[in-house]
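# Working through the structure, step by step
So the chains spell out like this:
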Amino acid sequence: MATCSSAAASASSGPGYTYVRHYINGQVTRYGYTENENGAEVTAEARLKSFIRHGIGAEQVKWVALNADGQNMDAQAQAFPPYDLSLDPKDPDGLALPDTQNAGELQGPIDDLLTVYVGLSDRTGIDNLHQPGQSYVDPTLLPGNFSSATAPVGQDLVQLTTTLTHLTARQATFTSSYQPPAAGGLTLTAPFMSSPVCGSTPNNFELVQTEGTEFVALWGCESFTVTTVVDRGSGRIVSAQMTNPLQLDGAVCQDEALTECTDIPATTLNRTVQLTRN
């Protein structure tokens, strides 16, 4: 849910709390981003400016800083075109992923910021959560597409459960749990990817990356849990923490169709992400 206004709304109180995002024209919010994946660190900073257009509130996202494993990549971040995000239910494309074919190291920050926003959207059933402990399971599976110039295939499929976990006078905390669908549903590129990597749970993740003249394919199970703290009055994000474990099998292939492949050792990835309002 979202509303548009020229001044901050007062904090909700009592048993009738419902998450609402209030947009204030021209308001600027900066977020610091830190990702750690098996010891490799990426940091970034985004500048979000609220606007109201035709009665619909949104934010323009502009990435202004990026550092990957100690390498300053601010120029790459600043060259990425600004794009809009909106939690206003009147905007049907408010949470559309921008074109990330040339995002490079900014791909992760863009995807993760969107994931945090999806967890607060009206499609998650967040309007039904009024008391701590209440949950809603989204019956619609959520597909993800993170293909890029160096990854011809990047996809996952999850089911989202949103829980209102904590309320204070000024803040609300939500937990968004994205899990592999019990019945599967992700169409994988090659038949050899169909055998479940995690027990009997159908695989819900696939990534094919180019390395020189070869293609490295990874597939298996992915889940992620996001804990998001928001201002009760404005609905703005205060902070978000994500844990994102992946268990993957892999192969090195000589062709993009993945017909000539050699198995590589299975791998476990553990990603953590921190988003903090500066």
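Above this text is the structure in question.
These remarks concern the structure in this document. (Residues numbered from 1 in each chain as written. Predicted model: local features only at pLDDT ≥ 70, side-chain atom pairs only at ≥ 80, totals over all residues. Heavy atoms only, no water.)

Let's shift gears to the packing of aromatic side chains. A complete count under the given rule lists 5 aromatic pairs for this structure. Both rings, one in Tyr178 and one in Phe224, keep their centres 4.6 Å apart while their planes meet at 20°; by these two values the pair is stacked. On the criterion of sequence distance, the pair formed by Tyr178 in strand 11 (residues 171-179) and Phe224 in strand 14 (residues 224-231) is long-range, its members being 46 residues apart. Just as Tyr178 is buried, Phe224 falls in that class too. A cation over a ring is seen here: Arg21 above Tyr23, with NZ or CZ 4.4 Å from the ring centre. (Phe/Tyr/Trp six-rings, centres within 6.5 Å; stacked < 30°, edge-to-face > 60°. Helix = DSSP H or I, 4+ residues; strand = E, 2+ residues; numbered from the N terminus. Buried < 20%, exposed > 50% of the residue type's maximum accessible area, 1.4 Å probe, protein only. Lys NZ or Arg CZ within 6 Å of the ring centre and 35° of its normal.)

Turning our eyes to something else, we now look at the nonpolar core. Among the nonpolar cores identified, the biggest contains 45 residues, and Trp63 and Phe174 are the most heavily contacted of them. Per element, the largest residue contribution to this core is 6 residues, and it comes from helix 2 (residues 107-118). (Core = buried A, V, L, I, M, F, W, Y, C linked by side-chain atoms within 4.5 Å.)

Once that is clear, we can look at empty space enclosed by the protein. With the rule as written, the count across this model stands at 1 cavity of 30 Å³ or more. If you go around the largest cavity, the residues you meet are Arg21, Tyr31, Glu59, Leu87, Tyr117, Gly235, Arg236 and Ile237. The class makeup of the residues in the lining of the largest cavity is 4 nonpolar, 1 polar and 3 charged. (1 Å grid on protein atoms, 1.4 Å probe; cavity = no way out; pocket = protein on both sides within 12 Å on 5 of 7 lines; lining within 4 Å. Points joined across faces, edges and corners; volume = space filled by probe spheres on them. Nonpolar A, V, L, I, M, F, W, Y, C, P; charged D, E, K, R; others polar.)

Here we come to the environment of Asp69. In this structure, Asp69 sits in the loop between strand 5 (56-68) and strand 6 (71-72). Each C-alpha atom of the pair Asp69 and Phe215 lies 24 Å from the other, and the pair is 146 residues apart in sequence. Not counting the four nearest positions on each side in its chain, Asp69 is found in contact with Ala40 and Glu41. (Contact = heavy atoms within 4.5 Å.)

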